[in-house]
Amino acid sequence: MIAAHLLSRSFDGRPAVEEVSFLVPPGKLCALLGPNGAGKTTIVRMLLGLLPPSGGSAEVAGVHLPSSRDQAASLRARAGLLTETPGFYDRLSGAENLDFFGRLYGIPDRELAARTESWLRRLGLWDARDRAFGTYSKGMKQRLALIRAVFHEPAVVFLDEPTAGLDPAAAREVRSLIAELRQEGRTILLCTHHLGEADELADLVGILQRRLLTFGALADLTASTGKIAIRVRGDVARLGPVAESVPGVRGVSIDHDRLELDAEDVEMVTPAAVAKLAAAGGSILEVRPVRTSLETIYLRAVAGAP
Amino acid sequence: MTRTLLLLFCRKELRDLRTNRRIWPGYLMLPVIGVLLPLGLILLFPAVMDPARPIDDPGLRLLLESLQRDHTIHGATFVERLTRLVVRESGLWYLLMPVVLAAGSAALAIVREKEQRTLEPILATPLSDGALVLSKLVGAVGPALLWTWVSAIAGYAVVAVATLIRLGIAIGPTAGNLVGLLFLGPAIAVAAALAAIAASARFTDSQSANLFAGLVIVPITLILLAVLGRPAMIWPWVGFGGTALVSLGCAGLYRRARRRLQRDELLTRWR
């Protein structure tokens, strides 16, 4: 679990994060969105016990923050971090790098080799294990960094811009690995400004610009707008008034083969509208409720921020 | 803190040294000088110095007078005395070697992690601030001492063979040389490395860190070597006393380095 309560941090009197509160229940993935300099990395550093907060408190994996040095160390043993840049030694091989960090995380010798092999195989890096890290592609480097973030089996994982600078294929690969980690039941805080990434992976979304502007379940934030989009094949101009005559429909807008119905009650109106359009000769291609996009929510929140 | 953890950075530094060919010349040059300098002096110096000839050079006269007064090498022939003096004084090189190597490596200890972006992943591990300082210290001083000791063994062996051939007796290191090699040199190297680690935490580029080590830390330790090193080569107790004194200084430097290497300091005070 990650719980932040009025968490604040300033640098030389300049506030970087102000009174941020949120709760990520165990096993959930929370995406923290925000422009550059919004305070995402500062929040991660505070939650990992790397930076003491100027104000407020937090609880991460059962450790209360701010904490003593020993408690902070025990928190770091229970948490994993993926930084924006992979951060490995170029001259050491992938396996040597993992061995180094594995020992820093205190993974017992007898387990370290087995875990390293298992993760390297799982992420398709086994054949490249003896190659110098400097020769890896960006995607391979990020996959190795992902192994480092999780191979000590942390309960909480912080992922700071995990797909920054990756090509679409490598980004896809990393996203599917994050999805796997989530399925394993880890609590994940994902800092990103890729809205699609948050849309695809997150259970919870927070929008941050120094303060937390919006926070909630993705499904709630992007809840139905009270509109239904119906794609039809047929005479759309003729079908528009047909849809408008359905009880509970307040208005209809037409865009190419798409009718957008403004409904009083989406669940009541949808079956009736579909039946009437079909009876009028329209072939129904797709029916879905119109939801607010994450992009709209983000832009609205950021535009309204002080 | 386990020994494994302390040796972890040392092993990494050794692996790095092994694979980084650009720093090999520097590492190779020091032991070569350590062998060639006394060897050249042993082979050439006595040959060009005739004690019967009047000496105009005041420096040379002073050296010869000190040689006459030095009771530790009394009773030997002039050439043997001069050779013993050369061997004894060349031990200073092995005090200098670990200082230069450790300070150079320690100056980059943190700044290189910043440049490689490995600092934050290291700080995100359970490693404590004190363990980080000690690991970095062992990582910088360990390979420097190892290399110095290997070089000293090789250097003294070559000198012993040369003196055996030249004088018929193998001249080895004095007790002062050994105290310097095993205690005083490592203590000064640790002090220089701790100062360099603390400084390294403040820099963001290798060039500045190297300049600081070369222009500030090494000259200061050279003064320390000049004050303590030479008498320590003659009187072992000076070496032991100097080691104790420098160790006290190391405790203060360790506390300073530990303050500098606190996580929030490192992550927020990059300049």
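Our subject is the structure listed above.
What you see is a predicted model; the values in this text were computed from it and never measured.

Trainee: How do you make sense of the overall build of chain B when you look at a structure like this?
Mentor: For chain B, the helix and strand inventory stands at 12 helices and zero strands. Taking the principal axes of its C-alpha atoms as reference, chain B extends roughly 70 × 35 × 35 Å. Going through the 271 residues of chain B one by one, you find that 50% of them count as buried. Sequence separation of 24 or more characterises 83% of the internal contacts of chain B that already satisfy a separation of 6 or more. Total accessible area computed for chain B in this model is approximately 12500 Å², and 68% of it derives from carbon and sulfur atoms. With 28 positive and 16 negative side-chain charges, chain B shows a spacing of 6 Å between the two charge centroids.

Trainee: I would appreciate a short explanation of the sheet that holds strand S8 (residues 187-192) of chain A in the present structure.
Mentor: Backbone hydrogen bonds are what pair the strands of a sheet, in a parallel or an antiparallel way. Residues and elements named next belong to chain A. Overall, mixed pairing links the six strands, which are arranged S6-S7-S8-S3-S9-S10 in an open sheet. With partners counted over all chains shown, the strands left at the sheet margins are strand S6 (79-82) and strand S10 (211-217), one partner each. Taken pair by pair, the neighbouring strands of this sheet meet at an average axis angle of 15°, ignoring direction. Here strand S3 (residues 29-33) runs beside strand S9 (residues 204-209); their pairing, made up of four bridges, is parallel. Its bridge partner lying in S9, Cys30 is registered against Leu204. Along the sheet, helix H2 (residues 69-78) contacts S6 and strand S7 (156-160); its crossing angle with S6, the most-contacted strand, is approximately 70°.

Trainee: How do you make sense of the environment of Gly34(A) when you look at a structure like this?
Mentor: All names here are of chain A. Note that Gly34 resides in the loop between S3 and helix H1 (40-47). Sequence separation of Gly34 and Leu213 is 179 residues, and the distance between their C-alpha atoms is 9.5 Å. Other than its neighbours up to four places away in sequence, Gly34 contacts Lys40, Thr192, His193, Leu208 and Tyr298.

Trainee: What is the right way to look at the interface of chain A and chain B in this model?
Mentor: By a widely used convention, the size of an interface equals the accessible area lost when the partners come together. With 29 residues of chain A at the contact, the number on the chain B side is 31 residues. Taken as a group, Tyr89(A), Arg91(A) and Leu104(A) account for 25% of the area that chain A buries against chain B, more than any other trio of residues on that side. Applying the counting criterion to the chain A and chain B interface returns three salt bridges. Put simply, chain A and chain B have four residue pairs in polar contact (both at pLDDT 80 or more) between them. Of all the elements, helix H3 (residues 94-104) of chain A adds the most residues to the side of chain A that touches chain B, at six residues. Considered class by class, the residues forming the side of chain A that touches chain B number 16 nonpolar, three polar and 10 charged.

Trainee: Honestly, the packing of helix H5 (residues 138-150) of chain A against helix H6 (residues 168-183) of chain A in this entry has me stumped. Any pointers?
Mentor: When two helices pack together, you describe them by how their axes are tilted relative to each other and by the distance separating the axes. All names here are of chain A. Close contact between H5 and H6 brings their axes to 9 Å; oriented N to C, the two are set at 15°. One finds that H5 runs roughly parallel with respect to H6. Handedness of the H5/H6 crossing: right-handed. For the pair H5 and H6, contact is made by Gly139, Gln142, Arg143, Leu146 and Val150 and by Ala170, Glu173, Val174, Leu177 and Leu181, respectively. Class assignment of the residues belonging to the contact of H5 with H6 gives a composition of six nonpolar, two polar and two charged.

Trainee: What exactly am I supposed to notice about the pattern of salt bridges here?
Mentor: Oppositely charged side chains are able to pair whenever their charged atoms sit close together. Residues and elements named next belong to chain A. Across all of its chains, the model carries 30 salt bridges over all chains by this definition. Between Arg103 and Asp99 there is a salt bridge, with its nearest N and O atoms 3.0 Å apart. Separated by four residues within a single helix, Arg103 and Asp99 lie in helix H3, roughly one turn from each other. Owing to a relative accessible area of 17%, Asp99 belongs among the buried residues under this scheme. Here Glu117 makes a salt bridge to Arg121, at a shortest N to O gap of 2.9 Å. One end of the pair is Glu117 and the other is Arg121, both in helix H4 (residues 109-122) and four residues apart, which spans about a single turn. Residue classification places Arg121 among the partly exposed positions, given a relative accessible area of 47%. Connected via shared salt-bridge partners are Glu18, Glu19, Arg210 and Arg211.

Trainee: Would you mind showing me how to read the packing of aromatic side chains here?
Mentor: Two aromatic rings are characterised by how far apart their centres lie and by the angle between their planes. Inspection of every chain in the model, using the stated rule, returns 11 aromatic pairs over all chains. Between the aromatic rings of Tyr94(B) and Tyr156(B), the centroid separation amounts to 5.4 Å while the plane-to-plane angle is 50°, which identifies the pairing as tilted. Of this pair, Tyr94(B) sits in helix H5 (residues 93-107) while Tyr156(B) sits in helix H8 (residues 129-167), and the two are 62 residues apart along the sequence. Centre to centre, the rings of Phe203(B) and Phe212(B) are 5.6 Å apart; their planes meet at 55°, and the pair counts as tilted. A relative accessible area of 21% means that Phe203(B) is categorised as partly exposed. Among the aromatic side chains, those forming a connected cluster through ring pairs are Phe88(A), Tyr89(A), Phe100(A), Phe101(A), Phe133(A) and Tyr136(A). For Arg129(A), the ring lying beneath its charged end belongs to Trp126(A), and the centroid distance is 3.8 Å. Just above the ring of Phe88(A) sits the side chain of Arg148(A); from NZ or CZ to the centre is 4.0 Å.

Trainee: Looking at this model, I keep getting lost on the pairing of S10(A). Mind explaining?
Mentor: Remark: a regular strand shows side chains that alternate across the two faces of the sheet. Residue and element names in this part refer to chain A. Direction of pairing for S9 relative to S10: antiparallel, over a ladder of six bridges. Following the sheet pairing, Gly206 is matched in S10 by Phe215. Connecting S9 to the next strand, S10, in antiparallel fashion are one residue, including Arg210 with a positive phi near 70°.

Quick notes on the rules
Within each chain, residues carry numbers counting from 1 in the order of the written sequence. Chain letters start at A and ligand numbers start at 1, both assigned in the order the entries are written. For a predicted model such as this one, the threshold for reporting local features is a pLDDT of at least 70, and the threshold for listing and counting side-chain atom pairs is 80 or more; totals across whole chains, interfaces and linings nevertheless cover every residue. Note: side-chain values were computed over all heavy atoms of the structure, leaving out hydrogens and water. Secondary structure elements follow DSSP: runs of H or I no shorter than four residues count as helices, runs of E no shorter than two count as strands, and numbering proceeds from the N terminus. Partly exposed residues are those whose accessible area sits between 20% and 50% of the maximum for their type, while under 20% is buried and over 50% is exposed, using a 1.4 Å probe and protein chains only. Any pair of residues with heavy atoms lying within 4.5 Å of one another is described as a contacting pair. Exposure was quantified through the Shrake-Rupley algorithm and a 1.4 Å probe, taking into account, for residues, occlusion by the shown protein chains and nothing else. His is not counted, nor are the chain ends; Lys and Arg add positive charge and Asp and Glu add negative charge. Every charge is mapped to an atom, namely NZ of Lys, CZ of Arg, CG of Asp or CD of Glu. Between any two strands, pairing holds if DSSP finds at least two bridges. Between N-to-C directions, angles span 0 to 180 degrees; the directions come from axes that are lines fitted to C-alpha atoms, helices contributing only their stretch in contact. The term buried area refers to how much accessible surface (probe radius 1.4 Å) is lost by two components on association, counted for both of them together. Salt bridges are defined by distance alone: a side-chain nitrogen of Lys or Arg within 4 Å of a carboxyl oxygen of Asp or Glu. Counted as a polar contact is a pair of N or O atoms within 3.5 Å, where, for protein atoms, one must be capable of donating a hydrogen and the other of accepting one, and residues adjacent in sequence contribute only when both atoms are in side chains. Residue polarity is assigned by list, with Asp, Glu, Lys and Arg as charged and Ala, Val, Leu, Ile, Met, Phe, Trp, Tyr, Cys and Pro as nonpolar; anything else, Gly included, falls into the polar class. These descriptions rest on fixed angle ranges, namely under 35 degrees for roughly parallel, over 145 for roughly antiparallel, 65 to 115 for roughly perpendicular, and the rest for oblique. Each crossing gets its handedness from the near helix: less than a right angle anticlockwise from the far helix is left-handed, clockwise is right-handed. Note on ring pairs: Phe, Tyr and Trp rings are taken, using the six-membered ring of Trp, and paired if centres are within 6.5 Å. Classes follow the plane angle, with under 30 degrees stacked, over 60 edge-to-face and the rest tilted. To sit over a ring, a charge needs its Lys NZ or Arg CZ within 6 Å of the ring centre and within 35 degrees of the ring normal.

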